Amino acid sequence: METRDIEHYRHRLVELRLEHRDLDDVIAQLPVQGRYVDQMQLTRLKKRKLALKDAIAKIEDQLIPNI
């Protein structure tokens, strides 16, 4: 893997982790706000969070060299 590719993956990893953390905060705040929680919206947010987690794991696997 080229250095340029590695830097691209590292940058993408930072972006994905940030979005994952932001979604985590949004999901945690929904019930606290004291309003009705749209279950469909909550389900979509959780699915997106899981997709981000999978993408993060995939990139981490590519960045970690095989021993």
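Let us look at the structure shown here. (Residues numbered from 1 in each chain as written. Predicted model: local features only at pLDDT ≥ 70, side-chain atom pairs only at ≥ 80, totals over all residues. Heavy atoms only, no water.)

**Details of the overall build of the chain**
Defined as follows: By the criteria applied, helices consist of DSSP H or I runs no shorter than four residues and strands consist of E runs no shorter than two, each listed in order from the N terminus. Note that the radius of gyration is over C-alpha atoms, with the globule rule given as 2.2 Å times the number of residues to the power 0.38. Note on exposure labels: buried denotes an accessible area under 20% of the residue type's maximum, exposed denotes more than 50%, and partly exposed covers the range between, all computed with a 1.4 Å probe on protein chains only. Between two residues, a contact is recorded if the distance between any of their heavy atoms is within 4.5 Å. With residues, only the protein chains shown are counted as cover, and all accessible areas are computed by Shrake-Rupley using a 1.4 Å probe.
On a plain count of helices and strands, the chain comes out with two helices and zero strands. For the chain, the C-alpha radius of gyration of 16 Å lies well beyond 11 Å, the compact-globule estimate for 67 residues. When burial is assessed residue by residue, the chain has 16% of its 67 residues classed as buried. Taking all contacts inside the chain whose residues are at least 6 apart in sequence as the whole, residues at least 24 apart take part in 71%. Per element, the accessible surface of the chain, about 5,600 Å² overall, is 54% carbon and sulfur.

**A look at the pattern of salt bridges**
Stated formally: By definition here, a salt bridge exists when the distance from a side-chain nitrogen of Lys or Arg to a carboxyl oxygen of Asp or Glu is within 4 Å.
Under the defined criterion, the tally for this structure stands at six salt bridges. Ionic pairing is found between glutamate 15 and arginine 12, a salt bridge with its closest N-O pair at 3.1 Å. In this pair, glutamate 15 and arginine 12 are both assigned in helix α1 (residues 3–32), three residues apart and thus about one turn of the helix distant. On the basis of relative accessibility, which here comes to 35%, the residue glutamate 15 falls in the partly exposed class.

**What about helix α2 (residues 39–63)?**
So the rule is basically this: Take the residue count of a helix, subtract one, and multiply by 1.5 Å to get its expected span. Identification of polar contacts relies on pairs of N or O atoms within 3.5 Å, with a donor-acceptor requirement for protein atoms, meaning one able to donate a hydrogen and the other able to accept it, and with residues adjacent in sequence counted only if both atoms are side-chain atoms.
The first and last C-alpha atoms of α2 sit 36 Å apart over 25 residues, in line with the 36 Å expected at 1.5 Å per residue. Three or more residues of α2 are buried, namely Leu42, Leu45, Leu52, Ile56 and Ile59. Where α2 is buried, its residues meet α1. Regarding α2, its N-cap is aspartate 38, as a side-chain oxygen of that residue lies 3.1 Å from the backbone nitrogen of methionine 40 further along.

**Section: the nonpolar core**
Keep this limit in mind: Residue types Ala, Val, Leu, Ile, Met, Phe, Trp, Tyr and Cys, when buried and joined through side-chain atoms within 4.5 Å, form a set referred to as a nonpolar core.
Of all hydrophobic cores here, the largest spans 11 residues; its members are Leu13, Leu16, Leu23, Ile27, Leu30, Val37, Leu42, Leu45, Leu52, Ile56 and Ile59. Of all the secondary structure elements, the ones that give two or more residues to this core are α1 and α2. Those residues in contact with leucine 16 that lie beyond four places of it in its chain are Leu52, Ala55, Ile56 and Ile59.

In short, geometric facts, not functional conclusions.
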